[in-house]
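Breakdown of the fold
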Amino acid sequence: GRASQVSPEEQRSLQRLVKERDETIVTLRTDMAKVVAAHSDEMQELSTKLVDVKSGLEDARRRAGTEVAATTELQTKLQARQSEIDKLQSELRANNLEAERLRGEARYAASQASAAEAERLSTVEQWKRDMQRLESMLQERSNEVTSSREQADRSARDLRRFELDEQRGAKRLESLQTELDRAREQMQQLREEAIEAERKLKIQVEDERAASHRVQAELSGVVSKASSEQAAIAAELDARSAECGRLRA
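The notes below deal with the structure included here. (Residues numbered from 1 in each chain as written. Predicted model: local features only at pLDDT ≥ 70, side-chain atom pairs only at ≥ 80, totals over all residues. Heavy atoms only, no water.)

1. Topic: the overall build of the protein chain
Note the threshold: Only DSSP runs of H or I reaching four residues or more are called helices, and only runs of E reaching two or more are called strands; each is numbered from the N terminus. All radius of gyration figures rest on C-alpha atoms, and the globule criterion is 2.2 Å times the number of residues raised to 0.38. Residues count as neighbours in contact if any of their non-hydrogen atoms are within 4.5 Å of one another. What sets the accessible areas is the Shrake-Rupley method with a 1.4 Å probe; for residues, cover comes only from the shown protein chains. Note that His is not counted, nor are the chain ends; the positive residues are Lys and Arg, and the negative ones are Asp and Glu. Charge positions come from single atoms, namely NZ of Lys, CZ of Arg, CG of Asp or CD of Glu.
Of the regular secondary structure elements, the protein chain holds two helices and zero strands. Taking 18 Å as the expected radius of gyration for a compact globule of 249 residues, we find that the protein chain reaches 54 Å, considerably beyond that expectation. Counting only C-alpha atoms and orienting by the principal axes, one finds that the protein chain spans roughly 195 × 20 × 15 Å. Contacts spanning at least 24 positions in sequence make up 91% of the contacts within the protein chain whose residues lie at least 6 apart. With an accessible surface of roughly 18,200 Å², the protein chain has 51% of that area assigned to carbon and sulfur atoms. For the protein chain, the separation between the mean place of its 44 positive charges and that of its 49 negative charges on side chains is 1 Å.

Written as structure tokens, this is what we have:
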């Protein structure tokens with residue numbers, strides 16, 4: 001009679017344990033699904049970031065190519081300006097030599113002025129006008145040379161600015177490449193962590209299943225034992241009832 005009272009309680013206890021194990025397995029499956037979903041979202045976000053980084057890298061490369069072309073064009077213009085400056089300087093030296101020659105001729109003409117006063121005065125005035133004309137030409141040439149030098153200085157400053165922009169573009173390109181490498185490393189690390197978490201979760205689920213099988217086997221053994229005990233008790237009760245019947249008879 002004691003075995004028949006204890007057996008149902010143990011059976012309910014084992015059933016509760018099995019139910020708790022099943023609920024734990026369901027919870028683990030749910031957590032696994034959440035982890036997989038979170039991993040998928042993170043992979044999508046990393047893919048988006050990678051596309052943005054690649055786009056920024058391509059833009060930086062295009063800007064760098066444009067700046068290099070502009071720098072090359074500016075260098076060509078600067079060389080052309082320098083050639084013009086050299087040409088103007090050569091013309092200025094030639095004009096200076098011509099002016100010096102004319103001054104020498106003017107001095108020679110002045111020394112010969114005693115020949116004829118009227119002719120001397122006419123010659124001096126003519127030379128003065130020529131000198132003024134030449135000085136005016138020299139001043140114009142000097143102004144042109146000064147303007148060309150200023151333009152060359154501006155071109156040199158523009159070239160320096162373009163060189164600095166090119167250096168900044170190269171640094172930006174290196175920075176974007178570093179960010180791309182870092183994003184790849186992070187994505188690889190996340191992938192490895194997700195694989196490790198999935199492996200651990202599978203091992204845990206397999207352990208839980210093995211434990212559930214053991215509990216079910218133990219429960220079957222307990223139920224079988226309880227059934228055997230009930231049959232033995234019933235047989236004993238029948239034997240005693242028969243004996244009591246014989247005694248009464």
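Now that the structure is up, let's keep going.
2. Points about the side chain of Glu208
Rules: Three exposure classes are used, based on accessible area relative to the maximum for each residue type with a 1.4 Å probe and protein chains only: buried under 20%, partly exposed in between, and exposed over 50%.
Turning to its location among the elements, Glu208 is positioned in helix 2 (residues 117-248). Judged by relative accessible area, which is 15%, Glu208 ranks as buried. Excluding residues that lie within four positions of it along the chain, Glu208 makes contacts with Arg21, Thr24, Ile25 and Leu28.

3. A short note on the environment of Asp31
Residue placement: Asp31 occurs in helix 1 (residues 2-111). By relative accessible area, which is 34% here, Asp31 ends up partly exposed. Separated by 170 residues in the primary sequence, Asp31 and Leu201 place their C-alpha atoms 9.2 Å from one another.

4. Examining the pattern of salt bridges
The condition is simple: Only one rule defines a salt bridge in this text: a Lys or Arg side-chain nitrogen within 4 Å of an Asp or Glu carboxyl oxygen.
Using the criterion set out here, one finds nine salt bridges in the structure. Between Arg141 and Glu144 there is a salt bridge whose closest N-O contact spans 3.5 Å. Placement of the pair is Arg141 and Glu144 together in helix 2, with a separation of three residues, close to one helical turn. Using a relative accessible area of 28% as the deciding quantity, one classes Arg141 as partly exposed.

5. Details of the side chain of Ser155
When you line up the elements, Ser155 lands in helix 2. Taking relative accessible area as the criterion, Ser155 reaches 13% and is therefore assigned buried. Contacts of Ser155, omitting those with residues within four sequence positions, involve Leu74 and Leu78.

6. Brief notes about the nonpolar core
Nonpolar side chains in soluble globular proteins tend to end up buried together. Worth spelling out the cut-off: Residues belong to one nonpolar core when they are buried, are Ala, Val, Leu, Ile, Met, Phe, Trp, Tyr or Cys, and are joined through side-chain atoms within 4.5 Å.
If you look at the biggest cluster of nonpolar residues, it comprises six residues: Leu50, Val53, Leu57, Ala60, Leu176 and Leu180. Put simply, the parts of the chain that give this core at least two residues each are helix 1 and helix 2. Of all the elements, helix 1 adds the most residues to this core, at four residues.

7. A short note on a negative patch on the surface
As a reminder, the rule being used: Each patch is assembled from residues with relative accessible area greater than 30% and no salt bridge, linking like charges that lie within 9 Å and nonpolar side chains (Val, Leu, Ile, Met, Phe, Trp, Tyr) that lie within 5 Å.
Where like charges cluster on the molecular surface, the negative patch consists of Asp41, Glu42, Glu192 and Glu193. Along the chain, Glu193 turns up in helix 2. Since its relative accessible area comes to 44%, Glu193 is described here as partly exposed.

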